[in-house]
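Analysis of the macromolecular model
These are the residues of each chain, in order.
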Amino acid sequence: MTTTWKWLAICAASIGLASVGNVHAAEKDKTPDFTPRAYHTVQLDSQVLASSGLFKFDSGLEFTYPDAVRGIFVTAHSAGGERFNSLINLVETTDLNAMVIDIKEDLGHLTYIPEEGSSLADLEIGQRLIKDPRAMLEKLEEKEIYPIARVVVFKDTVLAESRHDLTFVDGDQVWKNNRGESFVNPFLKEVWDYNVQIAIEAAKLGFKEIQFDYVRFPEGFESRADDLSYSFGEYENSEADPVQRRVEAVTDFVAYAKEQLEPYGVEVSVDIFGYAATLPEAPGIGQNFSKISENVDVISSMIYPSHWTSYFGIAKPDLEPYQLVSEYAKVENKVLGALENPPISRPWLQDFTASYLGAGNYKRYGKAEVEAQIKALNEQGIKEFLLWNAGNSYSKGVDYTP
């Protein structure tokens, strides 16, 4: 292929992705033709595309990657409300330096209303939680706070309800888990493009990193895989066994998303279950820790002590945050150390009290427990971390660089 034709192929692929339109009710009865995306062409030329100033996007905002990311989770309600200023103050007055902000949340809504003319406007999934995302990002730029956009991928009740052909169907109903949530189908490229489109718009707004969450099949999917109705898409003729076919789909999505985001100069990270690092495969959900890690800039394992059973010989992990995180980090280091180009490790840590575990199985988390987790990571050579508290009420007086 000549150089000229390579560039033309890249242009066609980029334009094809940018022009993905409404995938909701108006198109329930027809499947858009995504073949012009020329995925393999982009894959072959992604390094050329990323290095070309001509094709690089400039949001107009400047953020510098910190010495090590030390961040907090920020809901869209907090980012768009009065609490935002207090969270900025927390970051400014401590060694924290980053925020993970919901852009596509757990039900599948965008957390802001896209501008008219935006490729996302036709999706009609926006909610006015963050009233002015650009102004929010400009404030983060002013305060030198590194912005990460959280995009929930395959858990998406909104898309599942509007497009039954993109989800898992139980009889004549959209399948829901025991929490009433629905997932869309990771086998389908149309679902991939839908989420990549949202990620690209977040990059255009000025976010410097896209963090994909729920990059997996539903928990326990292996027990329902033969009972539900759904498409295998381009994996229909795969010779892989059911576990590996799910792993292929999830891994391929991550690789594809990273390639499509190359021209926008953003880091790409993925949240993953902590136990995935301790297993060759997570059989039901399609997560292979090593394969996902090979295709991202950052891997963020969710290693909250409250979420483990008696792993690592620790009978009640929530009571021993230092020991749990220390033992996990040793395992993860070994797995990532075997990779040719390992990503940055940036685990999610616990800054909440898991009283639902019942008396004797949990402890109240505060300054000491958060510092214990950070110390355990640091001692194993892991300098980056994110703190999770669903209500964004973070412990006071914490030394984030103990």
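These figures come from a predicted structure and were not determined experimentally. (Residues numbered from 1 in each chain as written. Predicted model: local features only at pLDDT ≥ 70, side-chain atom pairs only at ≥ 80, totals over all residues. Heavy atoms only, no water.)

**A short note on the overall build of the protein chain**
Looking only at helices and strands, the protein chain features eleven helices and eleven strands. The buried share among the 402 residues of the protein chain stands at 56%. Working note: accessible area of the protein chain is about 17,400 Å², and carbon and sulfur atoms make up 49% of it. (Helix = DSSP H or I, 4+ residues; strand = E, 2+ residues; numbered from the N terminus. Buried < 20%, exposed > 50% of the residue type's maximum accessible area, 1.4 Å probe, protein only. Areas by Shrake-Rupley, 256 points an atom, 1.4 Å probe, with all protein chains shown as cover.)

**Here's the deal with the pattern of salt bridges**
Scanning the model with the defined rule gives 27 salt bridges in all. In this structure, D67 and R70 form a salt bridge, with 3.3 Å as the shortest nitrogen-oxygen distance. With relative accessibility at 67%, the residue D67 sits in the exposed group. Of the charged contacts in the structure, one is a salt bridge between K189 and E234, with a shortest N-O distance of 3.1 Å. Taken as a pair, K189 in helix α7 (residues 189-205) and E234 in the loop between β6 (209-213) and α8 (242-261) lie far apart in primary sequence, 45 residues in all. Of the residues examined, K189 reaches a relative accessible area of 14% and is grouped as buried. Linked by salt bridges that have partners in common, D102, D106, R150, K155, R179, E181, D213, R216 and E219 make up one network. (Salt bridge = Lys/Arg side-chain N within 4 Å of Asp/Glu carboxyl O.)

**Quick look at the confidence of the model for the protein chain**
With 86% of its residues at a pLDDT of at least 70, the protein chain reaches an overall mean of 89. Within the model, pLDDT remains below 50 along residues 1-54, and this stretch shows 66 contacts once partners closer than five positions in the same chain are excluded. (pLDDT = per-residue confidence, 0-100. Contact = heavy atoms within 4.5 Å.)

**Re the packing of aromatic side chains**
In this description, a pair of aromatic rings is defined by centroid distance and the angle of the planes. Under the definition given, this model contains 27 aromatic pairs. Consider the rings of F187 and Y230, whose centres lie 6.5 Å apart with planes at 5°: the pair is stacked. Of this pair, F187 sits in the loop between β5 (173-174) and α7 while Y230 sits in the loop between β6 and α8, placing them 43 residues apart in sequence. For the pair F187 and Y230, a shared accessibility class is recorded, and that class is buried. Taken together, the ring pairs connect F168, F187, F217, F221, Y230, F232 and Y235 into an aromatic cluster. (Phe/Tyr/Trp six-rings, centres within 6.5 Å; stacked < 30°, edge-to-face > 60°.)

**Quick look at helix α5 (residues 133-143)**
Of all the positions in α5, only P133, M136, L137 and L140 are classed as buried. The arc that holds every buried residue of α5, seen down its axis, measures 95°, which confines them to one face. Contacts made by the buried residues of α5 are with α3 (76-79), α4 (83-92), β2 (98-104), β3 (146-152) and α7. Following α5 by one or two positions, E144 has its phi on the positive side, about 60°. (Arc of directions from axis to C-beta.)

**Let's talk about the pairing of strand β1 (residues 70-74)**
Across the five residues that make up β1, a large majority, five, are buried. In β1, alternate side chains face the same way, and those of R70, I72 and V74 on one face and G71 and F73 on the other are all buried. Pairing of β1 with strand β11 (residues 385-388) involves three bridges; the strand directions are parallel. Counterpart to R70 in the pairing with β11 is F385. (Pairing = 2+ DSSP bridges.)

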